[in-house]
Amino acid sequence: MRVLGVDPGLTRCGVGVVEGMPGRQCTLVAYYVVYTDPADELPTRLLHLDRSLTDLVAEHRPESVAVERVFSQHNVRTVMGTAQASGIAVLAGARAGLPVQTYTPSEVKAAVTGSGQADKAQMTAMVTRLLRLPEPPRPADAADALALAICHIWRGGTRSKLAAAADRARRGGVR
């Protein structure tokens, strides 16, 4: 299974592509950070993010997309930009006809490190170890996107398959 993980952000949006199967070692395909200039108008920034994510989906042809779920932050301006970037990421996957799953930061931390309370350094160290990378992915947005992809492979892939099997059973049979 190939998953494109997205750590949404309006100024820096992390993107990571990972291949793997539940319970098995994952492999790095690629990672990126899409930058937008805070001096640009919001529509220009969102359009750049949309085009970049659409291009990365087309280039890497993932089977699904995993996006970090926006959570409440004290800075309303920051959470608004993150929510807008998250919507663009979900749209990029949906436009390509891909299943899109969102995960909270603590779900990702628990899947990757075993603790929903892990800090950024622990997350980056585990992503580096799990993907057998010679050095940690930088910046942290890229490591977070890779962690989202790993989380989806290990948790969401199984969840999606179970949901699809249940849906087929409801419709009258297994295909």
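These figures come from a predicted structure and were not determined experimentally.

Residue Pro139 is bonded to the preceding Arg138 through a cis peptide linkage, with omega at -5°. Mapped onto the fold, Pro139 is located in the loop between α4 (120-130) and α5 (140-170). Even without a glycine there, the phi angle at Arg61 is positive, about 45°. When you line up the elements, Arg61 lands in the loop between α1 (42-60) and β4 (64-68). Unusually for a residue other than glycine, Arg132 sits at a positive phi of about 55°. Turning to its location among the elements, Arg132 is positioned in the loop between α4 and α5.

Next up on the list: α4. Regarding α4, the residues found buried are Met123, Thr124, Val127, Thr128 and Leu130. You can read the cap of α4 off the contacts: a side-chain oxygen lies 3.2 Å from the backbone nitrogen of Ala121, and it is on Asp119. Phi turns positive one or two residues past the end of α4, at Arg132, with a value near 55°.

In the UniProt entry, the feature "active site" (unreviewed entry) is given for Asp7, Glu68 and Asp141. Taken along the chain, the residues just named run across 135 residues; in space they keep tight, none of their C-alpha pairs more than 11.0 Å apart. Along the polypeptide, Asp7 turns up in strand β1 (residues 2-7). Sequence-distant contacts of Asp7, that is, excluding residues within four places in its chain, are made with Arg12, Cys13, Gly14, Glu68, Asp141, Asp144, Ala145 and Leu148.

With that settled, the discussion passes to the packing of α1 against helix α2 (residues 76-95). At a minimum axis separation of 9 Å, α1 and α2 run at an interaxial angle of 35°. Of the two elements, α1 crosses α2, and the hand of that crossing is right-handed. Here Leu42, Leu46, Leu49, Asp50, Leu53, Thr54 and Val57 of α1 lie close against α2, whose contacting residues are Gln84, Ala85, Ile88, Ala89, Leu91, Ala92 and Arg95. Along the lines of polarity and charge, the residues of the contact of α1 with α2 split into 10 nonpolar, 2 polar and 2 charged.

On to the UniProt feature "binding site: Mg(2+) 1" (unreviewed entry) in the chain, then. When the UniProt feature table is mapped onto this chain, "binding site: Mg(2+) 1" (unreviewed entry) is found at Asp7 and Asp141. Overall, Asp7 belongs to the buried group, its relative accessible area being 7%. Tracing the chain through its elements places Asp141 in helix α5. Here Asp141 falls in the buried class, since its relative accessible area comes to 11%.

Scoring rules and cut-offs
Residues numbered from 1 in each chain as written. Predicted model: local features only at pLDDT ≥ 70, side-chain atom pairs only at ≥ 80, totals over all residues. Heavy atoms only, no water. Helix = DSSP H or I, 4+ residues; strand = E, 2+ residues; numbered from the N terminus. Buried < 20%, exposed > 50% of the residue type's maximum accessible area, 1.4 Å probe, protein only. Polar contact = N/O pair within 3.5 Å; in protein donor to acceptor, adjacent residues only side chain to side chain. UniProt positions renumbered as here; feature names shortened; annotations may be inferred. Contact = heavy atoms within 4.5 Å. Axes fitted to C-alpha atoms, helices over the stretch in contact; angles between N-to-C directions. Left-handed = near helix turned anticlockwise from the far one by under 90°. Nonpolar A, V, L, I, M, F, W, Y, C, P; charged D, E, K, R; others polar.

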